[in-house]
Amino acid sequence: MLANQNLLIETMQAGHRHTESVLALLTKACAKMGVSDVETECEQMRTVLRDTDSMFTTLRDASTADLGQVLQDVKKYAADVVAAESRELQSTLSQKAHSSDADLLERFKKLEARVLSELAGGAGGEDAGGGGMRKGGDPQLMKKVTN
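### Section: the overall build of the protein
In step 1: For the protein, the helix and strand inventory stands at 5 helices and 0 strands.
In step 2: Reading the protein from its N terminus to its C terminus gives the helix and strand order α-α-α-α-α.
In step 3: Counting only contacts in the protein whose residues sit at least 6 apart along the sequence, the fraction spanning at least 24 positions is 59%.
In step 4: Carbon and sulfur atoms make up 61% of the accessible area of the protein, which amounts to about 11700 Å² in all.

Here it is as structure tokens:
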């Protein structure tokens, strides 16, 4: 497999060099015809191609690497990605749980206030009716509800 990789890299580099040659010819033709904007673009493209020529050396170095080491690097990268996503998911779930807890507590307090106000309002209405037994039971009920 490494021999095939090297052949592929050499083929890509040959195509890279041929493109540079075509751009050099096009630059000369544009200079003779007086098309300076196209000539400038061709020259810029040749510069970019020359700058990226070191990529082939990097590819050759990478293709001769130990496959076991490459596999270990890929496993480490995958483990790091899974760990990062796990931390992010845990953080999101923690925030949602905290938000749900706060919402539930707020709803409970509203319900508690409503129940207490209804009980307090109901006790006053029943006092006017003369319910003596109810009058003594309401404070005890209020104590139970608040505790």
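### Observations regarding the pattern of salt bridges
In step 1: According to the stated counting rule, one finds 7 salt bridges in the structure shown.
In step 2: Across the pair glutamate 118 and arginine 114 runs a salt bridge whose closest N-O atoms are separated by 3.5 Å. Residue glutamate 118 and its partner arginine 114 are both found in helix 4 (residues 67-128); the two are separated by 4 residues, about one turn of the helix.
In step 3: Through salt bridges with shared partners, a single network forms among Glu20, Glu43, Arg46 and Arg50.

### Overview of the state of the cysteines
Defined simply, a disulfide is a covalent bond joining two cysteines at their sulfur atoms.
In step 1: Summed over all chains, the structure comprises 0 disulfides.
In step 2: Among the cysteines around cysteine 30, which has no disulfide bond, cysteine 42 carries the closest sulfur, lying 5.0 Å off.
In step 3: A relative accessible area of 7% places cysteine 30 in the buried class.

### Some thoughts on the environment of aspartate 61
In step 1: You can see aspartate 61 is positioned in helix 3 (residues 54-63).
In step 2: Considered as a pair, aspartate 61 and asparagine 6 are 55 residues apart in the sequence and their alpha carbons are 9.9 Å apart.

### Observations regarding the confidence of the model for the protein
In low-pLDDT regions, the fine details of the predicted coordinates are not to be read closely.
In step 1: This prediction gives the protein a mean pLDDT of 81; 78% of its residues lie at or above 70.
In step 2: Averaged over each element, pLDDT in the protein is lowest for helix 5 (residues 132-146) (57) and highest for helix 2 (residues 36-51) (88).
In step 3: In the model, residues 127-136 has pLDDT below 50 throughout and makes 3 contacts with residues more than four positions away in sequence or in other chains.

### Some points on a nonpolar patch on the surface
In step 1: On the surface, a nonpolar cluster with roughly 340 Å² of combined accessible area is contributed by Leu8, Met12, Met55 and Leu59.
In step 2: Residue assignment for the nonpolar patch shows that the elements contributing at least two residues are helix 1 (2-33) and helix 3.
In step 3: Along the polypeptide, methionine 55 turns up in helix 3.
In step 4: For methionine 55, a relative accessible area of 38% gives the class partly exposed.

The rules we used
Residues numbered from 1 in each chain as written. Predicted model: local features only at pLDDT ≥ 70, side-chain atom pairs only at ≥ 80, totals over all residues. Heavy atoms only, no water. Helix = DSSP H or I, 4+ residues; strand = E, 2+ residues; numbered from the N terminus. Contact = heavy atoms within 4.5 Å. Areas by Shrake-Rupley, 256 points an atom, 1.4 Å probe, with all protein chains shown as cover. Salt bridge = Lys/Arg side-chain N within 4 Å of Asp/Glu carboxyl O. Disulfide = S-S within 2.5 Å. Buried < 20%, exposed > 50% of the residue type's maximum accessible area, 1.4 Å probe, protein only. pLDDT = per-residue confidence, 0-100. Patch = residues over 30% accessible without salt bridge, like charges linked within 9 Å, V, L, I, M, F, W, Y side chains within 5 Å.

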